[in-house]
Amino acid sequence: MGIREIIGMAISSKATSPAKGIVVTVPMLVLAASGAAIFFFFLLSSLSTCSCPPGGVTRVSEPAGTGGSVAVSVGERISTSQDDVEWVRDQIRLNGLHMQDNVLRKGINPRTRAQQLQDLIDFKGISHYEGPNSDNHTALPCPGELLVEEHHSNYGEPWAGGRDVFEFLAESVHLKPNSHVLEIGCGTLRVGLHFIRHLNPGHFHCLERDELSLMVAFRYELPSQGLLHKRPLIVKGEDMDFTKFGSEVMYDLIYASAVFLHMPDKLVWVGLERLASKLKPHDGRIFVSHNIKFCSRLGGEECTKRLKNLGLEYLGKHTHDSLLFNHYEIWFEFRRFKA
Ligand SMILES: C[S@@+](CC[C@H](N)C(=O)[O-])C[C@H]1O[C@@H](n2cnc3c(N)ncnc32)[C@H](O)[C@@H]1O
């Protein structure tokens, strides 16, 4: 029943009531009770002191063993808050922790990646099983070269910087689990893993040319992060051919992290031409890191004209800091101005 009906009922029942003494009708009681409830609601909300982080993020614990918490998409915020920073500082202080040299001590055996790999070769991996049985107990046997995580320092290091890039891009486009994202040159998923974790299954796409990186992604990173169920669509290719991603999908975000600077300008333009119609008009964004020499080498006016012919426009340049190290990244933002 709407507020109008309640008021209407109150007026009409009053009109038909006998005019003796003070008569309190049922509709009037309902009105009075609702008014009181609304009053107390506002009173209580104004009295409550909430130190919630901006953006209304709710943090929930991940399953045991994953070592952290994850922000669910209740609000806009994805990046680490000042409260989070204070919390971790407190934990270090309360535990009396100080940075130590990474040297051999009881129970701890620091080794280089090369030594780790040699151990894996010498001792047949970390298998306790002997002989032909040794291959029968691992559902997805991973090459030793990948198990030692050399790829975390192959390119785009530090590996942790992937999180910074994710946070910046995700918040820039107000990423939601049902957003569609395409990365050009996702490498070993340093950035992509964070998107895949956040997005619905099948919503992360990537075109990558390097076979070793793709092996790392499929055989080590996705399984070890428990993300196989997210079924990212990762395709091997180097000529900006996006046909395998289907003709239906419209992207909320297309990004190239440290990639366009390694490509011939002509190939970048081929990519933009093919992708312009796959970007959601107005709200969708293309982000390119480091520089846009494919554009500036043409000259400002010529570049603007060429972008305009594709229905694209340049919106501006941004930087974002890293959470963990003294570094900032530069990003160039584009959108599709017409459908
Ligand atoms: C510096 S890495 C960056 C990887 C990832 N974007 C990151 O930030 O961690 C550049 C990546 O672009 C890929 N790449 C370069 N040219 C490409 C092309 N034409 N098509 C697809 N991928 C390409 C490389 O193989 C490499 O994985």
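Cut-offs used in this document
Residues numbered from 1 in each chain as written. Predicted model: local features only at pLDDT ≥ 70, side-chain atom pairs only at ≥ 80, totals over all residues. Helix = DSSP H or I, 4+ residues; strand = E, 2+ residues; numbered from the N terminus. Buried ≥ 20, exposed ≤ 12 C-beta atoms within 10 Å, placed from the backbone. Contact = placed C-beta atoms within 7 Å. Core = buried A, V, L, I, M, F, W, Y, C linked by C-beta atoms within 7 Å. pLDDT = per-residue confidence, 0-100. Near = placed C-beta within 6 Å. Nonpolar A, V, L, I, M, F, W, Y, C, P; charged D, E, K, R; others polar. Pairing = 2+ DSSP bridges. Axes fitted to C-alpha atoms, helices over the stretch in contact; angles between N-to-C directions. Expected span 1.5 Å × (residues − 1). Bend = angle between axes of the 7 residues up to and from the residue. Right-handed = clockwise from strand over helix to strand, strands pointing away.

Labelled according to an unreviewed UniProt entry, the protein chain appears under the name Methyltransferase type 12 domain-containing protein, originating from Rhamnella rubrinervis.

Asks: Explanation requested: the overall build of the protein chain in the structure shown.
Replies: Along the protein chain, the regular secondary structure elements total 11 helices and nine strands. For the protein chain, buried positions account for 23% of its 339 residues. Considering only contacts in the protein chain between residues 6 or more positions apart, those separated by 24 or more positions represent 64%.

Asks: Looking at this structure, how should I read the nonpolar core?
Replies: Nonpolar side chains tend toward joint burial in soluble globular proteins. Formed by 46 residues in total, the largest nonpolar core has its most connected members in Leu-169, Val-181, Phe-195 and Ile-254. Looking at this core, the element that brings in the most residues is helix α6 (residues 161-172), giving five residues. Residues within four places of Val-181 in sequence aside, it is in contact with Phe-195, Leu-199, His-203, Phe-204, His-205, Tyr-251, Asp-252 and Leu-253.

Asks: Is there a simple way to think about the confidence of the model for the protein chain in this case?
Replies: When pLDDT drops low, the exact placement of atoms in the prediction is not to be read closely. Taken residue by residue, the protein chain gives an average pLDDT of 83. The fraction at 70 or more is 77%. Throughout residues 1-24 the model reports pLDDT below 50, and contacts reaching past four residues in sequence, or to other chains, amount to 16 contacts. Counted against residues more than four places away or in other chains, residues 42-74, with its pLDDT under 50, gives 28 contacts.

Asks: Help me understand the site of the ligand, please; the structure alone is not making it clear to me.
Replies: With respect to spatial proximity, 20 residues lie near the ligand, and among them Gly-156, Gly-185, Gly-187, Arg-190 and Asp-210 are the closest. Grouping the amino acids of the shell around the ligand by side-chain chemistry returns eight nonpolar, seven polar and five charged.

Asks: Sorry if this is basic, but what is going on with the sheet that holds strand β7 (residues 285-289) here?
Replies: Backbone-to-backbone hydrogen bonds pair the strands of a sheet. The strands run either parallel or antiparallel. Taken in spatial order, the seven strands line up as β5-β4-β3-β6-β7-β9-β8 in an open sheet, and their pairing is mixed. Two strands close off the open sheet at either side, each with one partner strand: β5 (233-236) and β8 (312-321). Going across the sheet, the axis of each strand differs from the next one's by a mean of 20°, ignoring polarity. Across nine bridges, the pairing between β8 and strand β9 (residues 328-336) is antiparallel. Note that in β9 the partner of Lys-317 across the bridge is Phe-332. Packed onto the sheet, helix α8 (residues 211-224) meets β4 (204-208) and β5 and runs at close to 155° relative to β5.

Asks: Teacher, can you tell me more about helix α11 (residues 300-309) here?
Replies: Every α-helical turn comprises 3.6 residues, leaving residues that sit three or four positions apart pointing alike. Buried residues are scarce in α11, accounting for one of its 10 residues. Positioned one or two residues after α11, Gly-311 has a phi angle of 85°, which is positive.

Asks: Help me out: how do you make sense of unusual backbone geometry in this one?
Replies: When glycine is set aside, most residues are seen to have a negative phi, and most peptide bonds are trans. Positioned with a positive phi, Glu-149 is a non-glycine residue whose angle comes to about 60°. Its location among the elements puts Glu-149 in the loop between α5 (144-147) and α6. If you check the backbone angles, Ala-258 has positive phi at about 60° while not being a glycine. Of note, Ala-258 is situated in the loop between β6 (253-256) and α9 (265-275).

Asks: Sorry, what's going on with α8 here?
Replies: With 14 residues, α8 should cover 20 Å at 1.5 Å per step; its first-to-last C-alpha distance of 19 Å lies within 8% of that length. At Ala-217, α8 shows its maximal kink, close to 40°. Restricting attention to buried positions, one finds in α8 the residues Ser-213, Val-216, Ala-217, Tyr-220, Glu-221 and Leu-222. Structurally, α8 contributes buried residues whose contacts are with α5, α7 (192-198), β4 and β5. The positive-phi residue at the C-terminal boundary of α8 is Gly-226, with phi of around 65°.

Asks: Just to check I follow, could you spell out the environment of Glu-221 for this structure?
Replies: The residue Glu-221 is located in helix α8 in this model. Remark: the alpha-carbon pair of Glu-221 and Leu-193, spanning 28 residues in sequence, is separated by 7.9 Å. In this view, Glu-221 contacts Thr-188, Leu-189, Leu-193 and Val-216; residues no more than four positions away in its chain are not counted.

Asks: I keep staring at the pairing of β5 and nothing clicks. Help me out?
Replies: The side chains of a regular strand alternate between the sheet's two faces. Inspection of the sheet shows β4 paired to β5 by four bridges, in the parallel sense. Counted as the bridge partner of His-205 is Leu-233 from β5. Crossover connection from β4 via α8 to parallel β5: handedness right-handed.

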